[in-house]
Structures are given as C-alpha cells and as structure tokens.
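Tertiary structure, described
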Amino acid sequence: MDSEMRNEYMLLLGAAAIASLFAFAFFYLLLSSTKNKNKKNINTNNNRDRPKVPENGECRPDVAGNTDVIIVGAGVAGSALACTLAKDGRKVLVIERDLTEQDRIVGELLQPGGYLKLIELGLEDCVNEIDAQQVYGYALFKDGKSTRLSYPLEKFDKDVAGRSFHNGRFIQRMREKAATLPNVKLEQGTVTSLVENKGTVKGVHYKTGAGEEITAYAPLTIVCDGCFSNLRRSLCTSKVDIPSCFVALLLKNCELPYPNHGHVILANPSPILLYRISSTEIRCLVDIPGKKVPSVCNGDMARHLKTSVAPQIPSELSSAFTSAIDEGNIRTMANRSMPAAPYPTPGALLLGDSFNMRHPLTGGGMTVALSDIVVLRDLLRPLADFNDASSLCQHLESFYTLRKPVASTINTLAGALYKVFCASPDKARNELRQACFDYLSLGGNFSSGPVALLSGLNPRPLSLVLHFFSVAIFGVGRLLLPFPSPKRAWLGARLILDASSIIFPIIEAEGVNQMFFPAGSNYGSLAAF
C-alpha cells in the first residue's frame, strides 16, 4: 500500500509543472483571437435599439426626483445591492415584479466564500431566524463508496461556514433589511424597458401592480432581474445554454449520512444533489441531461424516479425519497449557463443571473453575485455625485475586469465539474470521472485545494487549471501503473485530450485574457461613448 501511495505522490509532483505548460501553450494561441472577439462584441452596442426619453410628458416622472440608483429586481443580488448602496448614502429605488415570498428550488446553498462576502457587506444577520443550516463540506458518493470533503475553514472564525436555507426566506430577510433603510424605496412593478437618450441609459419604464405606467430616472440603472431577464439583450450578448434540468423533491424527517454536508452522488447518467435546507427538510435535486424531462402530469416522471434514480440513493434516504415521490410535489427547472459578455453602456450595469450564469451543481451563483457587489461598492464609494456622467463612467469601467478572476473561476469549475461528473459511454471520460473521485479521496491538498476553489475561499484561475490537469495526469498514472501497455497508453492520451476538450472551451468562453491577465484586458472605455 505504501509503495502504491509513493507512486501516486511521485506522479503528482510533476503534475503542476506539466499542466502549467500545457495550459499556457493553449492560452498563448487564444489570446489574440480573444482580444479581437472582445473588441467586436463591444462595438456592436452602437447598433442597439432602446426606447428613447419621452419628450411629450406622457409618462409620469419618478416621484423620488433625486434617485441615485434604480435597481431592477429584488432577488439576492438586487436586495443585497440596495442595502449596500443605501448604507453608503445613495438614494435607491428598487422595482420588483413580486415582493411576496417565493418558493424556489435553487439558490438554497451559500458557499463559505459567499458567506464571507455577506459579512463584508454587513448582511450576515440575514441568514438568522430562517432555520438556515451550517454546511462544512461535501460528501461524494460513487459505486457504493463515499468520501468526505471538508471546507478548509481552519483560518476563519467558527461562524464561517456554508449556509443552506429556503431561498425565499433568505431573500425576504434582505428585503426587510433594505426596507428599514430610509433612503431605499421598494416598489412592486414590472419594468418593461430601459430609457435611453443619446446612447446613455437614463432610467426605466415600468408598470405598477395597479396598471399605472411610470418612467423613473436615475444616473445609474442596475439590472438584476434574474435568469429570465427581458432587459439583458440590450446590455450584453445573451447566449444562454441549457445543459440539463433539475427535478426537485423535498425529503422530510430523515437524516443525511454525513450531517451538515452537501451530498453529491455520481449517479448514472448525471449527479444527484442532497442538502438540508431546514431542520426538518432535505432538498434533493436529480439532474437530467438535456432540455426535455419525463412528464410529471402523466406519471412518467414518478416512474423514472422510482425505477432509475431510487436504486442509486443512499439506503438511509431511500424510504424518504420514495415518500417524497408519492406525495407528488415534483418540480422541474432548466439549468442555465451564460458567460458574461457585456456591452459597456453609460448609465447601466448588469448584475446577478441576468448577467452571468453557470451550472448550479457547485452552488456558486450567490457567491459570484455577492462578490460582484463588493467590487461594485468599492468602485462607487469614492464618487460623491452619480450625476457626474464622465466620472461615473471612469469608476465603472473597471468593474467587468475586476470581477473576472473570481467569477470565471467559479463559472469554469461549475461547467467542467458537471461534465466530469456525468456518466458517459466513452471509456476515457469514465476514467476521468473515476480519477476525479480517487484524486479527491486522497485528502490533504488533493481535496482541500479543489474544495477551496469550489467554496469560493480561494477562487484563483491558475489554481483551478493546475488541479484540473493534476486530476487528468493522476488518471493517466492510474492507467500506466504498475505495468503500462500500448492500449492503456492510448487510453491515457485520450483522457488528456478529453480533459482539454472539457475545460478549454469554457475558459475561451469566459475570456482567456480577462480571466488570467485582468490587468492587461480591455473591455473598452465607457467614457468613450
């Protein structure tokens, strides 16, 4: 056994250097094409059409009159942003389609990195009084085996951990906090379009619940209206991909095999997630690849869950899983992915899922949104008056660059890990899947490094690439040791190629230059518009 472990460690000693050379060779080839693509995307915003500022007074102006910021949407991003800007003395108008508590099946797991951002924003009390559960890591299951992956929290206060909860309760707590601030106005209404004059966004048109049409004006409009945004098309390149769907169940009065841990089952054909969202409820998310799922109405879904999924659920949860199916409260949701490809626009900014989405497997969405808010807050703090358009543009032009390393690391990991965790008829892909499970099971830095990336505690792009290719090289070593053969060597080469085909397209979509060399990247100057 000692000899086998020594072989594994010797193999991994050279993994970082090899992976680095392999990755940077690819980056070098992509840099010039990425720069040209970014310039092309930025220039296309000159051809957009938006409603112009009405000149005949047919719409009632914003009743606040001196609003600094209009925020469209009061979900996690919008509510947190409203609190943050208001505490800095900004006058904020928040327009939300529905201010009642929503019952969603995602946005229920906040990673430790996201919780640290909540603390930084002074919003950590929003996870109190909602029966939120502390999360200390993950448990990974495959073929009857399991391994525990703990968050590397040794250097943090004991309160720092992940949190899982009912999404609607969390959002309502942030809305309530925002509503207590005197310079925040929360209004229920539907924003129909942005208001533009001479290439600059001046505000929004919206309709109240009573049907009254209103035009609100502010020097800065921030769109946070979620994954179904109807405003993003004029502010970014909207290329939404749907790699899979989640089927959601709520398991009651049962215990997870590893308390206070998220559970990921490497099932066939794709992962199953389990995590506690209250003291009595466990969320189960069954991933189904593609855009189509069996019908819930005619019973096909229930049959699929009982025959294909239930046998792969840990035995401790089998009874609760079947009971949840029999209760009939089966819900589905498409999993969306969309790289951030903004059109820098004076007077407007995108944030949250309206701007950037990734597969929800790793639960990184709220961490990205809260990290973006910290970046935006720090950029806006030195600005005394948002009505100084030139100065506002100069302060905002760095936002898309400064957010990129953190956001792209979490985005890339989510997309890559989902593909690795899915079963495949391809033998090389399945070898990569097994290598990932075995690599993480080694413990030490082999697990703490990747988990630090996943949790948002150490979101560094280069570390992500090194660990990803370390897994691939580890997989090749498993094939070649102790006695290599031409067949195994060829399978190892295919494994490396397969790993490259997974991660490099995701990195290219995120932007090589912006992700790894943010200091030299250039989205274009807002002040030039």
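Our structure's up above, just so we're on the same page.
Residues numbered from 1 in each chain as written. Predicted model: local features only at pLDDT ≥ 70, side-chain atom pairs only at ≥ 80, totals over all residues. Heavy atoms only, no water.

**Description of the environment of Ile330**
Within the secondary structure, Ile330 sits in the loop between helix H7 (318-327) and strand E16 (331-337). In this structure, the C-alpha to C-alpha distance between Ile330 and Ala302, residues 28 residues apart in sequence, is 8.2 Å. When sequence neighbours within four positions are dropped, the list of residues in contact with Ile330 reads Val247, Ala248, Leu249, Val296, Met301, Ala302, Leu305 and Ile325. (Helix = DSSP H or I, 4+ residues; strand = E, 2+ residues; numbered from the N terminus. Contact = heavy atoms within 4.5 Å.)

**Things to note about the packing of helix H11 (residues 404-421) against helix H13 (residues 445-454)**
For the pair H11 and H13, the least separation of the axes is 9 Å and the interaxial angle reads 115°. For the pair formed by H11 and H13, the contact residues are Thr409, Leu413 and Leu417 on the first element and Pro450, Leu453 and Leu454 on the second. Taken together, the residues of the contact of H11 with H13 sort by class into five nonpolar, one polar and no charged. (Axes fitted to C-alpha atoms, helices over the stretch in contact; angles between N-to-C directions. Nonpolar A, V, L, I, M, F, W, Y, C, P; charged D, E, K, R; others polar.)

**Comments concerning the sheet that holds strand E12 (residues 241-252)**
Taken together, seven strands build an open sheet; the order of strands is E6-E5-E13-E14-E15-E12-E16 and the sheet is mixed. Looking at the sheet topology across the chains shown, the edges are occupied by strand E6 (145-150) and E16. In this sheet, adjacent strand axes meet at a mean angle of 20° when their direction is disregarded. Direction of pairing for E12 relative to E16: antiparallel, over a ladder of six bridges. Note on E16: the bridge partner recorded for Ala248 is Arg331. Across the sheet, H7 touches E12 and strand E15 (281-289), and the angle it forms with E12 is around 100°. Lying over the sheet, helix H12 (residues 427-441) contacts strand E5 (137-142) and E6, oriented at roughly 135° with respect to E5. (Pairing = 2+ DSSP bridges.)

**Let's talk about the packing of helix H3 (residues 76-87) against helix H5 (residues 167-179)**
Between H3 and H5, the least distance of the axes is 9 Å, while the angle of their chain directions is 25°. The angle between H3 and H5 falls in the class roughly parallel. Considering only the axes of H3 and H5, their crossing is left-handed. Of the residues in H5, those in contact with Val76, Ser79, Ala80, Ala82 and Cys83 of H3 are Asn167, Phe170, Ile171, Met174, Arg175, Lys177 and Ala178. Taken together, the residues that form the contact of H3 with H5 break down as eight nonpolar, two polar and two charged. (Parallel < 35°, antiparallel > 145°, perpendicular 65-115°, else oblique. Left-handed = near helix turned anticlockwise from the far one by under 90°.)

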